[in-house]
Amino acid sequence: MISVNELGNYIDAGAAKISADIVIENGTLINVDTSEYYLANVAIYKERIVAVDSDISDYIGENTKRIDATGKYLAPGMIDGHIHVECSKMGMTRFAQAVVPRGTTSIVSGLDEYISVIGVDGLDEIFDEIDHSPLKVFWGLPYKTPYTIPKSTIAYNVSAADHERIQPTERSYGVWETVREAIETKDEDTLKAILISQKYHKPIFGCSPMATGKDLNQFLMGRVHVDHESYSHEEFLEKARKGIHTVIRESSVTKFLKENIRAITEGAPGVARHTSFCSDDVTAHDLLKNGHLDHMVHLAIKAGVSPMTAIQMATLNSAEAYHIDDQVGSIAPGKDADILLVDQPGTFNVESVISKGKVITLNQEEQVEFVPPVRSKRLQGSLKHDLMQKSDFMYQVDQNDQTAVVRTINSVGPFVRKAKDVELDVTNGIVMPDVNKDVAMVSVIERFGINQNQSLGFISGWSLQNGAIATSASPDDNNLVVAGVDFDDMTLAANTLIQNGGGQVVVKDGKILALLELPIAGITTDLPLDQLVQKELELKRAANELGSRLPDPLFYLSFLPITAIPDLAITDGGNVDYTKLSYFNPIQSTTKKN
């Protein structure tokens, strides 16, 4: 928060009594407030816009930096309305370096993956890093953690007491990612968090995949304001018609823009005014290849949305949805100085970026250094678990069993997992994975040194023929997840990450094919973008060498503990049937030897 004296200086700067630090001259303004294009000049003092006029000569002093925008269009900095930054595996500084030059100057996030490892108070170090970066983060305290039902093990459980303490502060902008089931079950901490946020006029951010009809009506009794989870344009349209600000998600593995935008192009055009964009979960190689929100603007225009409407979705609409439009979302006096110079609305190629009042890129050349901070011991990755043994990954049944019918977690899409029962052989009391039947083993291991939990289950739909893969970056609890068809390789994969303090690894025939170390809380790294991309591609190629035909096996693996994804999941507590909000036994039946 600025001081009274600083506010006074801004007021004087608005009256041209203090010279501007930067002026942008001769540009064409994309006015998302009025849906107009017209010539305008912009004056900036410190971190705020102080004038947007045809003549700003009175604002120019001898030390004012002048940027000529002749032939360029001026767009507001874009806002990602829902993202788990940690899923990119990048620390905050590196993530800013990846997305700010593409025009994303603000994001809305819960930083919940960090919370699962270092707790809410541990975020102070992350917030300090954010404050020194050119990327704004509008943070919402998670409705509670863990998100899993039944509850998995994490390092810190967010409760209503945290909301009572934090929601009155300026740091929090609402309640992050309230899932439908928490309202359906009338979870006490969740209901208290909702009431506390309403007391302080903070919005409720929702997550209700596939919710329609009565389920949706029930969810809205919690006064959820925003929702980013729609699997069809019909679902999207129903949510919009019932007053939700609908967010189109286009992540690295869940690409819903093409489908969701049909609610606008084929349904009701007015939905567009209350629709925004989010990327949710992105990989480094996807960011490098396609971009970020600029890519979503391109896709929306290609789908038939006008350039002005697409830009509004990426800017003003999101700002209004999260009640931050007094700060960001448009180019106007009093707003933060987050401004993009683009070639033209229809192609929307971002050429220069001003964020927090500083020139970050000019003609696509970086003007500032992105230097990650020195990490404290608290943020050093650590997997607090003894080294694993081969027998830890063997699902044991009665020695007299000959076969077992197992319920596998069958991946039919990155966010859709269904039950599939398969008969497997039992050898010496061990249920054996079967590559011919496309069944592999999976295990989730508690990594925080709290209870040493370990679960075992079976997955299908992966086409694994040999080896194992493992990750310690695995929302929503970031425990250690291992999958494979060879017990020795599963052991090596798990132990490699335990010994390295976290990361992602692919193992085959007793050899490490690819390894990405994640030293920050065991979930992120400060590697430069190009080096991280190389590591991601090495992991992907190595996983494909094991036979997997999934688009991104490590990403799919990391999602397995997310219980809110229909229908099945696995956490350190066991195999979860989310349709029943309970654990299930993967061994459905056994056949005895004759």
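Keep in mind that this is a model prediction, so the values were computed, not measured.

Draft legend 1. Fine view of the UniProt feature "domain: Adenine deaminase C-terminal" (unreviewed entry) in the protein chain. UniProt annotation of "domain: Adenine deaminase C-terminal" (unreviewed entry) refers to residues 417-580 when read in the numbering used here. Helix makes up 23% of residues 417-580 and strand makes up 35%, while its end C-alpha atoms are separated by 14 Å.

Draft legend 2. View of unusual backbone geometry. Residue Ile149 is joined to Pro150 through a cis peptide bond whose omega torsion reads -5°. With respect to the helices and strands, the residue Pro150 is situated in the loop between β8 (136-142) and α5 (160-166). Residue Asp476 is bonded to the preceding Pro475 through a cis peptide linkage, with omega at 15°. Located in the positive-phi region is Lys46, a residue other than glycine, with phi close to 50°. Assignment of secondary structure puts Lys46 in the loop between β2 (36-45) and β3 (48-53).

Draft legend 3. Spatial organisation of the UniProt feature "domain: Amidohydrolase-related" (unreviewed entry) in the protein chain. Look at the UniProt record and you will see "domain: Amidohydrolase-related" (unreviewed entry) annotated at residues 73-359. With 37% helix and 20% strand, residues 73-359 has end C-alpha atoms that lie 16 Å from one another.

Draft legend 4. Local environment of the sheet that holds strand β28 (residues 568-571). If you trace the 3 strands from one edge of the open sheet to the other, you get β28-β29-β30, paired in antiparallel fashion. Because the sheet does not close on itself, it has two edges, and the strands there are β28 and β30 (582-584). Sheet twist, expressed as the mean angle between neighbouring strand axes with direction ignored, is 45°.

Draft legend 5. Representation of the pattern of salt bridges within the structure. Taken as a whole and assessed by the stated rule, the structure comprises 30 salt bridges. One salt bridge in this structure joins Asp131 and Arg171, with 3.3 Å as the shortest N-O distance. Taken together, the residues Asp131 in helix α4 (residues 123-131) and Arg171 in the loop between α5 and β9 (172-179) connect sequence positions 40 residues apart. Exposure remark for Asp131: the relative accessible area of 45% places this residue in the partly exposed category. Linked by salt bridges that have partners in common, Arg180, Glu181, Glu184 and Asp215 make up one network.

Conventions used here
- Residues numbered from 1 in each chain as written.
- Predicted model: local features only at pLDDT ≥ 70, side-chain atom pairs only at ≥ 80, totals over all residues.
- Heavy atoms only, no water.
- UniProt positions renumbered as here; feature names shortened; annotations may be inferred.
- Helix = DSSP H or I, 4+ residues; strand = E, 2+ residues; numbered from the N terminus.
- Pairing = 2+ DSSP bridges.
- Axes fitted to C-alpha atoms, helices over the stretch in contact; angles between N-to-C directions.
- Salt bridge = Lys/Arg side-chain N within 4 Å of Asp/Glu carboxyl O.
- Buried < 20%, exposed > 50% of the residue type's maximum accessible area, 1.4 Å probe, protein only.

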